[in-house]
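Spelled out from the first residue to the last, the chains are:
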Amino acid sequence: MKNYGQWGTDSIQKFSSAFAVELDKDKNVYILDSLHKKILILNKHGKYLRRVKIEENNVNEMCILSNGTIVIPNKLKKMIRFYNNKGKVLKNIYFQDSHQIMSLSRKKNTIIALIHDRKRLVFFYFNARGKLLKKREVYLSYLLSHTIKRFKEDKHGNIFIIDAGKKILYKVNKKNHIEFVMKDLKGSLEPFFNTLSDI
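Everything quoted here is computed from the prediction, not taken from an experiment. (Residues numbered from 1 in each chain as written. Predicted model: local features only at pLDDT ≥ 70, side-chain atom pairs only at ≥ 80, totals over all residues. Heavy atoms only, no water.)

Undergrad: What should I look at first to understand the overall build of the chain in this one?
TA: In terms of regular secondary structure, the chain is built from one helix and 18 strands. For the chain, the residues scored as buried account for 50% of the 199 residues in total. Sequence separation of 24 or more characterises 36% of the internal contacts of the chain that already satisfy a separation of 6 or more. (Helix = DSSP H or I, 4+ residues; strand = E, 2+ residues; numbered from the N terminus. Buried < 20%, exposed > 50% of the residue type's maximum accessible area, 1.4 Å probe, protein only. Contact = heavy atoms within 4.5 Å.)

What follows is the structure in structure tokens.
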């Protein structure tokens, strides 16, 4: 599939704010149109399957688990919401007032939420039903910027974080210590992230 749909709002198959695109294990395509509170689901050939209505707007990311569970962060309300692929809300998870939701990632069928809490980073691990499995805390001797763009955990338990504001790639090792991997980032790191363990 090379292209799909049209610009507009007068049809459920039109969209005007496609902020994120994800795939599930069957290679169905999920297109987030958060301005109009919907996700369009297509099959791997580009055929329209259905629309999922969501409660969030003006969000720019989502995670799709292998079973089709949709997870969306609401940074203003300090929460993340789990939907099934029909649009039913499975669970709402709220964080403390001091917490700032930075980003979401996935590893196999687990969702990882990255939270910035003053001088520490906290990684919360949830299963597909929203049950908390574990958390990792990283205490910082300095503050990261508030423009963490993306992060991902590899098969060894190392977590790589892109700080777009400072143009730095960080690594959180298995002992929860932060290392600098690359400074003055230029260009896309997608090829690098694609080599890390995912589904």
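Back to the write-up after that little detour.
Undergrad: So what exactly am I meant to see when it comes to the side chain of Arg106 here?
TA: Here Arg106 lies in strand S11 (residues 100–107). Note on Arg106: relative accessible area 11%, which makes it buried. A distance of 2.4 Å separates the side chain of Arg106 from the backbone oxygen of Ile64, its partner in a polar contact. (Polar contact = N/O pair within 3.5 Å; in protein donor to acceptor, adjacent residues only side chain to side chain.)

Undergrad: Explain the packing of aromatic side chains here, please?
TA: According to the stated counting rule, one finds four aromatic pairs in the structure shown. For the ring pair Phe95 and Phe124, a centre distance of 5.3 Å and an interplane angle of 65° mean the geometry is edge-to-face. Of the two residues, Phe95 sits in the loop between strand S10 (89–94) and S11 while Phe124 sits in strand S13 (residues 120–126), which places them 29 residues apart along the sequence. For Phe124, a relative accessible area of 9% gives the class buried. Members of the aromatic cluster, each reached through a chain of ring pairs, are Phe82, Phe95, Phe124 and Phe126. (Phe/Tyr/Trp six-rings, centres within 6.5 Å; stacked < 30°, edge-to-face > 60°.)

Undergrad: What should I look at first to understand the sheet that holds strand S16 (residues 159–163) in this one?
TA: Picture the strands of a sheet paired through backbone hydrogen bonds; they go either parallel or antiparallel. Taken in spatial order, the four strands line up as S15-S16-S17-S18 in an open sheet, and their pairing is antiparallel. Single-partner strands in this sheet number two, and they are strand S15 (148–153) and strand S18 (178–183). The mean inter-strand angle of the sheet, taken between neighbouring strand axes irrespective of direction, is 20°. Bridge count for S16 against strand S17 (residues 168–172) is five bridges, and the pairing is antiparallel. Note that in S17 the partner of Ile162 across the bridge is Leu169. (Pairing = 2+ DSSP bridges. Axes fitted to C-alpha atoms, helices over the stretch in contact; angles between N-to-C directions.)

Undergrad: What's the story with the side chain of Glu153 in this structure? I'm lost.
TA: By the element assignment, Glu153 lies in strand S15. By relative accessible area, Glu153 is classed as buried at 5%. Side chain to side chain, Glu153 and Lys107 meet in a polar contact 2.8 Å long. Here the side chain of Glu153 touches Tyr125 through a polar contact of 2.4 Å, side chain to side chain.

Undergrad: Would you mind going over the environment of Ile159 with me for this structure?
TA: In this fold, Ile159 is placed in strand S16. Take Ile159: its relative accessible area is 1%, and that puts it in the buried class. C-alpha separation for the pair Ile159 and Phe123, spaced 36 residues apart in sequence, amounts to 9.8 Å. What Ile159 contacts, discounting residues up to four positions off in sequence, is Phe123, Tyr125, Arg136, Phe151, Lys152, Glu153, Tyr170, Lys171 and Val172.

Undergrad: I tried to follow the sheet that holds strand S8 (residues 70–74) on my own but got confused; where do I start?
TA: Taking strand neighbours across the sheet as the criterion, the four strands line up as S7-S8-S9-S10 in an open arrangement whose pairing is antiparallel. At either margin of the open sheet sits one strand with a lone partner, and together these are strand S7 (63–64) and S10. The pairing of strand S9 (residues 79–83) with S10 spans five bridges and is antiparallel. From the neighbouring strand, Met79 faces S10, where its bridge partner is Tyr94.

Undergrad: Where do I start with the pattern of salt bridges in this structure?
TA: Pairing is possible between side chains of opposite charge, provided their charged atoms come close. Taken as a whole, this structure holds nine salt bridges when the rule is applied. Linking Glu22 and Arg106 is a salt bridge whose minimum nitrogen-to-oxygen distance equals 3.8 Å. Taken together, the residues span a long stretch of sequence, with Glu22 in strand S3 (residues 18–23) and Arg106 in strand S11 at a distance of 84 residues. In the salt-bridge network here, residues are joined through shared partners; they are Glu55, Glu56 and Arg81. (Salt bridge = Lys/Arg side-chain N within 4 Å of Asp/Glu carboxyl O.)

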